[in-house]
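Here is how the chains run, residue by residue.
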Amino acid sequence: MEPYNNSLHGTLKQKFPAVIPLNVGGVHFMTRLSTLTKYSDSMLAAMFSGRHIIDVDKDGCFFIDSNGTNFGHILEYLRHGSMPPKDVAEVVYKEAVYYGLTELIEMLQTTPRVAQITVNEAHRAQFPDYLEVKHRIIKIAMENATATNKGGEVIVHAFRKEFVPKVLHFNLNHSCVVDQAHLSVGPWEALADEEAFIRCLETDLISDGFNILKHESKRRCKYYYGQNCQRCIYRLQILFS
């Protein structure tokens, strides 16, 4: 289907028929244009507004490079307001976010699995560069496990607030327990403490399929000069055998 030139606005636009043949990742659908543009603020409405060029396959179907099975649930929502089965709520939620279907997103957020995901994501968002930190911990554990032929140990210096001594002449360059750390994480503004951060990491690693040992209690620095050094470390261990 060829685009046409709208001489009134001088812009290239694409015309769509009232009934739209779709090819979504190899799965074919037939629906009305009004169904796809039902929610004016959605990506689907923008795609089929005429402002964008949609590729057409050899059979004349408008092509969307997405998962066709999941799109079927999106289409049923657009047609009838139908919610997907609970066992596919998570994948349909991701599709709804992708297509910008705000009302469907809000309804799916109260389903058990999506609610759990939403809470977990909010928890992770409290900590700086969380996903990057988790990736680094896994890589360090792999390197240490390869070097020692044992479990991958990772020492983490986590701190919600920077330690600022109150005592004059407190030596911040003393031999500190944090010198053993493979990486440092912090500070952060959220109220969640260091223990919550470590538990969040452990929960995610277990959920990802890693076999880990429960972390030991935090080890505090023993340096004292008018006050104790408040810095501490946590020991995580991922088992690869």
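Computed from a predicted structure; not experimentally measured. (Residues numbered from 1 in each chain as written. Predicted model: local features only at pLDDT ≥ 70, side-chain atom pairs only at ≥ 80, totals over all residues. Heavy atoms only, no water.)

A. Inspection of the state of the cysteines at higher detail. Applying the stated criterion across every chain yields a total of 0 disulfides. We note that Cys176 lacks a disulfide partner, and the nearest cysteine sulfur, in Cys221, lies 3.6 Å from it. Relative accessible area serves as the criterion here: at 6%, Cys176 is assigned to the buried category. For Cys232, which is in no disulfide, the shortest distance to another cysteine sulfur is to Cys229 and amounts to 9.1 Å. (Disulfide = S-S within 2.5 Å. Buried < 20%, exposed > 50% of the residue type's maximum accessible area, 1.4 Å probe, protein only.)

B. Spotlight on the sheet that holds strand 5 (residues 62-64). Spatially, the 3 strands line up as an open sheet ordered 4-3-5, and their pairing is mixed. Because the sheet does not close on itself, it has two edges, and the strands there are strand 4 (27-32) and strand 5. Here the average twist between neighbouring strands, direction ignored, is 30°. Looking at chain direction, strand 3 (residues 19-24) and strand 4 are connected through 6 bridges and run antiparallel. Residue Asn23 lies in a different strand from strand 4, and its bridge partner there is His28. Sitting on the sheet, helix 3 (residues 68-80) is in contact with strand 3, strand 4 and strand 5, with an inclination near 15° to strand 4. (Pairing = 2+ DSSP bridges. Helix = DSSP H or I, 4+ residues; strand = E, 2+ residues; numbered from the N terminus. Axes fitted to C-alpha atoms, helices over the stretch in contact; angles between N-to-C directions. Contact = heavy atoms within 4.5 Å.)

C. Structural context of the environment of Phe210. Here Phe210 is to be found in the loop between helix 8 (194-207) and strand 8 (211-213). Taking the C-alpha atoms as reference points, Phe210 and Leu239, 29 residues apart in sequence, are found 7.4 Å from one another. The contacts of Phe210, once residues within four sequence positions are left out, are Ile138, Leu205, Ile238 and Phe240.

D. Local environment of the confidence of the model for the protein. In the predicted model, the protein carries a mean pLDDT of 91, and the fraction of residues at 70 or more is 94%. Note on residues 1-10: pLDDT under 50 across the span, and 19 contacts to partners over four residues away in sequence or across chains. (pLDDT = per-residue confidence, 0-100.)

E. Seen up close, the nonpolar core. Residues Leu22, Leu44, Phe48, Ile64, Phe71, Ile74 and Leu104 are the most contacted members of the largest nonpolar core, which totals 29 residues. Mapped onto this core, the elements with two or more residues apiece are strand 3, helix 2 (43-47), strand 5, helix 3, helix 4 (89-99) and helix 5 (102-108). In this view, Leu22 contacts Val27, His28, Phe29, Thr31, Leu36, Phe48, Cys61, Phe62, Ile64 and Phe71; residues no more than four positions away in its chain are not counted. Grouped together as the second largest cluster of nonpolar side chains are 26 residues, Ile138, Trp188, Ala196 and Tyr234 included. (Core = buried A, V, L, I, M, F, W, Y, C linked by side-chain atoms within 4.5 Å.)

F. Fine view of the pairing of strand 10 (residues 232-239). Counting buried positions along strand 10 yields 6 of 8 residues, so the element is predominantly enclosed. Both strand 6 (residues 152-158) and strand 10 contribute to a ladder of 5 bridges, which runs antiparallel. In the strand pairing of strand 10, Val154 is matched with Leu236. The sheet contact formed by strand 8 and strand 10 spans 3 bridges and is antiparallel. Each bridged residue has a counterpart across the sheet, and for Ile212 the counterpart in strand 10 is Ile238. Direction of pairing for strand 9 (residues 219-220) relative to strand 10: antiparallel, over a ladder of 2 bridges. Residue pairing across strands places Arg219 opposite Ile233, the latter belonging to strand 10.

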